[in-house]
Each structure stands twice: as structure tokens, then as C-alpha cells.
Amino acid sequence: MDIGKFLKSPEYEIKITTYRDIFQAEAMERDRFGEEYKMLSAAISISKIDMQKMGLKPKDRVKISNSYGSIIVEAKETKKDEPGGLAFMVNSPWSNSLVSGDTQGKGIPEYKNINAKISLSKEEITTLEKLIAPFIKKPIPF
Amino acid sequence: MATCTGCALLCDDIEAIVENNRIKETRNACRRGAARMKGCVNRLVPSIDQKPTDIESSIRKTVEIIKNARSPMLFGLDNSTCEAQAKGIRLAKKLNAVIDDTSSFCQGLLIERILQKKLRTCSLDDIRNKADVLVYWGSDAQDSQPRHLSRFSYFPRGESRQRGYEEDRKAIAIDVRESNTAKICKGHFYRIPLKGDREFILALIEALSGKVPAYDTKKMLELAGILKKAEFGAVFVGIGLTYSIKEDFDILTALAEKLPNFNIMPMVGHYNMRGFNEALFKETGFVNRVKLEPKAVHDNKYSIMESLIRKNTDAIIVVGSDPMISLPRPVLTYLASIPVICIDPCISMTSKIAAVTIPCAATCMESGGTAIRMDGKVISLSKIITSEYMPDEEIMDRLMEAI
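Let us now look at the overall build of chain A. Looking only at helices and strands, chain A has five helices and six strands in total. Secondary structure elements in chain A, listed N-terminal to C-terminal, are β-α-α-β-α-β-β-β-α-β-α. Taking the principal axes of the C-alpha coordinates as reference, chain A spans close to 55 × 40 × 35 Å. Within chain A, buried positions represent 41% of all 142 residues. Taking the contacts inside chain A whose residues are at least 6 apart along the sequence as the reference set, 74% of them involve residues at least 24 apart.

See below:
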């Protein structure tokens, strides 16, 4: 019997910043509901050293959540020897799911400064359809 | 030659190969530009309450919604021509509406100071011809404005820089990660911690003032030495720097004062965001976040973010923008609960929740006009293919007439 499946994966605190990627931007221009845009957006790049600390491997699915939202994305290892302590996501509706709406009255969200929890997950990668589903409804009659 | 509207570089050397009234191929464009010029796979259709209709019905429904709104908002126009922007501002005035654009949570802080002449700037052509020291700060141009280094900054053989990047130019990257641009700036990459820009600027100001900075002394003195020797320098301010120092933005002015041979260049994404900022600034003295009553009142509460958080707007016209994709999730619930009118060439996340959709022509492929490049230069956009879709300028006209 695989008792592992009953155990909750350990959860780690993670700090995330966002960046732009030309390949993702190209995919968005073509079809923001397409598979390519999803694969290039629903991912988090983590340094080798942090991946080891958290027991993650490239292509693992991970759950990233905080009080603003929760997403399942693919874990990737950063190409360069990043010093660790900071993970990276391409700016997208997936990363925006984790951004606070509180701007301290200034109007600029903290898109590049996200605190969240990360854990190994067996769930499917969050789709754009799933992200938008709670908002699709008949608008309030005017 | 065609002009690309993929970003605010507005590359005007694009060759478009047209076959059966479609752009089949492009030459000289970057990956993003080529994809944009070839067009999206899902064109928007007119709809009301997500049911397909005709354009005239969509326009009538839009007019009904905005006439009845107590506090309407016009948002976007960064992917529209200057001509459409001017008409959009007039429309907002007629509606006593709030008007805002993506610069509100992007480069607005920086562009405002440039237009107020608080920061010294120059043209991209000056940079190509004269610049010897280039600082990419919180900016990954290789991914966001992919032809920046090849057309204007690092690689060209400019008038006074015939030996280009091999000998005449030095490129520096200051960033929290080793971006693709940082990889090109070999040996001159300064990694800073997240939100560490302010501390870095303070230390750099100290080093430029002849003091010994406590922060990474050796590297800081080395950087100050390079900057001091520059004959014509440029700091390309990316969104990474803008976000990091947003609470104390004047610190950038303090740094610029210590760098008399440098110019500040805003690294702008949307192709005509600067056009919107300039048009609104000319009209009101502010670059964004304005309520036109019709007298212009500027306040942070008129930003798209604060308008949604405070639930101050009760109907919104979104032109060429996708706030459902670009805003934080916590504000989307309210956005999706009010009537949204989405004007766009393509299906977007915002069109999926819109009460009304109005498809428009894709600028520079299906309609022409002018736009303002990131450095303030006016660039002509000419139409390449014929289209059944109305340009957004015409849609603004139609809404004005009907109101």
C-alpha cells in the first residue's frame, strides 16, 4: 500500500518576482487561449539550490498559493546559477492570481513582489478557462 | 515598408508579404511583432451578453449602458492610434467620465516626469548616433522591446560610434535576475536584491559624489567610474526599476542630477502608451487617472486599480486592452460584475466577461494613423490590408454621435 499518497506534501515559503518572455509574448499575440501560451505562463523557475531544498525536480507540478489565489504550475530549474531565495514567473494571469489588490491607495500593484507557499502537487496545471470561470456570468442587468 | 505595433519601438522597416489579403510573412520583425502582424487566431465578433449580434446593435447597447451609468470609465487606448486617442479623450469629456490607461500601473510615473521636463531625455536616433554607455535598469529589452539593442543602442554603427559594441559602446545591466539583456552585457551585470534599487541608487549617488559607498564598495566604485567617463549615456528605465522605487520616485531625479551626460529613456511596452500619455497631458496636465467633469481632476482614486477596489465605477469601456489578463485577481470580481464594453480586434479574457463586444480593425495591418514611439517621435502607421472592421477611431466617432 502506498501510504505516501495520504501524506501532505511539505509546504515552503517562497518569494516570486515576474518578468517578460518574448516567446510567451509571441504566443499571446497569436492565441491567448492556446496551449503554448498556457505552457509558457503556467510555470515557475526556481534555482537548482532551492529545488533541492524543497525536494522538487524539473517538470514537477507545484501548487502555489496565498490569500489572493491558488494555481498549479510546472516547476522549472533556472538556466543560470541563480543565487536562490527568489523564484521567477512570466507575467501572466497565473502570476496575477497571486498578486494583492491592495495598492496602499497608489494604484500600482506589487506585480513583482509576491509572497506565497509552494508544495508538490498531483493536480493538473491550472488552465486559463479555470482561471476565468468564476467571472463568467450574466452581467448585472442595467 | 510597414510599421510594427508589437511594442513602442514602432519598427518602421518591416516588409510584409501579403497573400489573399492576409499577411503571410514578415521580414525584419521580431518574434512578437511578426505574430502580431500575422494576426490572432480568434477574431472578436459583436455580441451583447455574450450572444452574437451585429455591430450596430452593439453600438446601440453601448450607448444605452454608458448613458445610464452614474460613473463611467474609459480605459485603455494604448493600442490605438493618436487619432483614436484624441477622440477617446473627447468621448470621456462628453461623458464626464474617468479616463485611465495601462500606464497607470506601468510607466506612467516615469513618463509624467519626462513630459514635465523633470528628467533629461533624448531620441533613440541620438542614442544610435552618439551613445557610448548604455544602462539597462530593471529592463530586459531583449524580451520586451527585442530590437532595441540592434536598431538603436548597442549593436549599430552610429555616426560617432562607428566601432559599435566591439569598441565604442559599453552596455550595463542592473537587475534582480540575469535576464537575456544582462547576458549580452557581459562583465557589466550588477545583480541587486528584490526591491534593492533604492539602496543601490543611494550608494551610486555616494560613489558619483566622490564618497566611499558602504554597499558593495568595489563594484559600486567601478560602476561610478564607467558612468563618469561617459560622453553620451542613456539609462533605459524598465518596469522593474519603476515598480521598485514607486514610493520614492524622485530618487531617480536625484541620480539623474549626478549624471549630467546621461539621458533617461522610458522602456514602454504598448505601442502607443506614450501617445496616450502625451495627448492626455496636453489636454489636462496629467498623463493618466483623470476624471473629466469636464474640468480635469487628477487623483489616484481614478486609477483603474483604485476605481475597482473602491467600486467607484459602474460601467467601463475598454479599448484595446485586456485588464482581465493584466490586473490582480482580487479586483477581477468587481470588474466582471459591472457592464464592460470591450473594443478589440481579438477575443480576450476581457471580451469573455463583457456585456458588449465591438470588434475593431487591427492598427497598421487593417487601419492607419500615427503613434508616438517610446522616445516621443511621431511615427506614421499605414494600412497594409483591407478589412471589414471599423478602426477604433471610427468607433469613437460613432459613440460620440450617438450620445
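Let us look at the domain arrangement of chain B. All names here are of chain B. Per the domain assignment, the segments of chain B are domain 1 (42-101 + 271-402) and domain 2 (108-266). When each unit is reduced to the centre of its C-alpha atoms, the spacing between domain 1 and domain 2 is 33 Å. Contacts between the two partners involve ten residues from domain 1 and, on the opposite side, eight residues from domain 2. Partitioned by chemical class, the residues of the side of domain 1 that touches domain 2 number three nonpolar, two polar and five charged.

Moving on, we come to helix H11 (residues 217-229) of chain B. Taking 1.5 Å of rise per residue, the 13 residues of H11(B) would be expected to cover 18 Å, and the 18 Å separating its terminal C-alpha atoms lies within 8% of that figure. Against the buried residues of H11(B) lie strand E7 (133-137), strand E9 (189-191), helix H10 (197-208) and strand E10 (233-237) of chain B.

Side chains that are nonpolar tend, in soluble globular proteins, to be buried together. All names here are of chain B. Ranked by internal contacts, the top residues of the largest apolar core, which has 163 residues, are Phe-236 and Ile-341. Counting only domains with at least three residues in this core, you end up with domain 1 (42-101 + 271-402) and domain 2 (108-266). The residues contacting Ile-341, other than those within four sequence positions of it, are Thr-62, Ile-65, Ile-317, Val-318, Ala-354, Ala-355, Val-356 and Ile-358.

All names here are of chain B. Strand order in the open sheet made by the nine strands is E4-E3-E16-E15-E14-E5-E6-E12-E13, with mixed pairing throughout. If you trace the sheet from one side to the other, it starts and ends with strand E4 (51-52) and strand E13 (296-298), each paired once. Pairing geometry for strand E3 (residues 47-48) and strand E16 (residues 356-359), over two bridges, is antiparallel. Its bridge partner being in E16, Ser-47 is matched across the sheet by Thr-357. Contacting strand E5 (72-76), strand E6 (98-100), strand E12 (290-292) and strand E14 (315-319), helix H3 (residues 82-94) runs over the sheet at an angle of about 165 degrees to E5.

In this section: the packing of H3(B) against helix H19 (residues 392-402) of chain B. Residues and elements named next belong to chain B. At a minimum axis distance of 8 Å, the contact between H3 and H19 shows a crossing angle of 20 degrees. The orientation of H3 with respect to H19, classified from their angle, is roughly parallel. Crossing angle aside, the handedness with which H3 passes H19 is left-handed. Between H3 and H19, the residues in contact are Glu-83, Ala-84, Lys-87, Gly-88, Arg-90, Leu-91 and Lys-94 and Asp-392, Glu-393, Met-396, Asp-397, Leu-399 and Met-400, respectively. Here the residues of the contact of H3 with H19 sort into five nonpolar, one polar and seven charged.

Reading guide: rules and limits
- Residues numbered from 1 in each chain as written.
- Chains lettered and ligands numbered in written order.
- Predicted model: local features only at pLDDT ≥ 70, side-chain atom pairs only at ≥ 80, totals over all residues.
- Helix = DSSP H or I, 4+ residues; strand = E, 2+ residues; numbered from the N terminus.
- Buried ≥ 20, exposed ≤ 12 C-beta atoms within 10 Å, placed from the backbone.
- Contact = placed C-beta atoms within 7 Å.
- Domains from an automatic or database assignment.
- Nonpolar A, V, L, I, M, F, W, Y, C, P; charged D, E, K, R; others polar.
- Expected span 1.5 Å × (residues − 1).
- Core = buried A, V, L, I, M, F, W, Y, C linked by C-beta atoms within 7 Å.
- Pairing = 2+ DSSP bridges.
- Axes fitted to C-alpha atoms, helices over the stretch in contact; angles between N-to-C directions.
- Parallel < 35°, antiparallel > 145°, perpendicular 65-115°, else oblique.
- Left-handed = near helix turned anticlockwise from the far one by under 90°.

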